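# Reading the structure
Here is how the chains run, residue by residue.
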Amino acid sequence: MKDHEKIAPFSCNIALIGFMGTGKSTVAECLGRMSGMRVVEMDEEIAARQGMTIPEIFAKHGERYFRSLETGLLRELGSGGNCIISCGGGAALREENVALMKRNGKVVLLTAAPETIARRVKGDSTRPLLKDNQSAAYIADMMEARRPRYEAAADIVIQTDDRTAEEICGELLTKVRGMGEKDV
Ligand code: S3P
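The structure contained in this document is the topic of the report that follows. (Residues numbered from 1 in each chain as written. Predicted model: local features only at pLDDT ≥ 70, side-chain atom pairs only at ≥ 80, totals over all residues. Heavy atoms only, no water.)

## So, the nonpolar core
Ile17, Phe19, Cys87, Met101 and Ile139 are the most contacted members of the largest nonpolar core, which has 39 residues in total. In this structure Cys87 touches Ala15, Leu16, Ile17, Lys24, Met42 and Met101, once residues within four positions along its chain are discounted. With 22 residues, the next largest nonpolar core counts Met37, Val108, Ala165 and Ile168 among its residues. (Core = buried A, V, L, I, M, F, W, Y, C linked by side-chain atoms within 4.5 Å. Buried < 20%, exposed > 50% of the residue type's maximum accessible area, 1.4 Å probe, protein only. Contact = heavy atoms within 4.5 Å.)

In structure tokens:
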């Protein structure tokens, strides 16, 4: 799949889930460019509405508050027009959120090895949950704890190590179309 290639918009939402650094934002941006669909970057949307960065929201109000904002936003997106939703890495951990994603959408899980994630997030200070430790071992433990919930939520799983956004979008397109995107 080429960067400039155009694809027909999906007839449902596409919710990209997965651990931090699995490429959700990059893939969402690429899919949006190809399909012309609106892209919602959940973290960006929440930060803009709160007038604060994600670390500021965590520091001032705590993680629970942030999680309730995620649920509120997903509730809104499930009832609007179709879009590509780049979910925060923790959004799929709540069952209620997953049900909202599936109401009018396909849930696509992006995966990567802990070493890949560690390389991608190195030096990044925008993720409160990785601010004190960004080692592959720490990431592997957190990822393992989350894995059952990610996998239970996913309609489709795509591995992202050593692949370009265009390659990932190509696989996503084939798999979503293959499973009948209207059967949401
Ligand atoms: C989080 C992931 C982040 C952001 C917040 C919490 C998580 O999003 O929502 O820092 O719990 O995994 P990204 O996955 O886009 O980094």
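## Description of the site of the ligand
In the vicinity of the ligand lie 13 residues, with Lys24, Asp43, Arg67, Arg127 and Arg146 positioned nearest. A distance of 2.6 Å is found between an oxygen atom of the ligand and a side-chain nitrogen or oxygen belonging to Arg127. The contact in question runs from an oxygen atom of the ligand to an N or O atom on the side chain of Arg146, over 2.7 Å. When the free accessible area of the ligand is taken as 380 Å², the share hidden by the protein chains comes to 96%. When its residues are assigned to classes, the shell around the ligand shows five nonpolar, three polar and five charged. (Near = heavy atom within 4 Å. Polar contact = N/O pair within 3.5 Å; in protein donor to acceptor, adjacent residues only side chain to side chain. Areas by Shrake-Rupley, 256 points an atom, 1.4 Å probe, with all protein chains shown as cover. Nonpolar A, V, L, I, M, F, W, Y, C, P; charged D, E, K, R; others polar.)

## A closer look at the sheet that holds strand β1 (residues 13-17)
Taking strand neighbours across the sheet as the criterion, the five strands line up as β2-β3-β1-β4-β5 in an open arrangement whose pairing is parallel. Among the strands making up the open sheet, the edge pair consists of β2 (38-41) and β5 (156-159). If you compare each strand with its neighbour and ignore which way they point, the axes differ by 20° on average. Bridge count for β1 against strand β4 (residues 105-111) is five bridges, and the pairing is parallel. The residue bridging Asn13 from the neighbouring strand is Gly105, located in β4. (Pairing = 2+ DSSP bridges. Helix = DSSP H or I, 4+ residues; strand = E, 2+ residues; numbered from the N terminus. Axes fitted to C-alpha atoms, helices over the stretch in contact; angles between N-to-C directions.)

## Some thoughts on the pairing of β4
Among the seven residues of β4, six are classified as buried, and the element is accordingly described as predominantly covered. Bridging between β4 and β5 involves four bridges; their strand directions are parallel. Across the sheet, residue Leu110 finds its bridge partner in β5, namely Ile158.

Nothing here speaks to function; it is all geometry.
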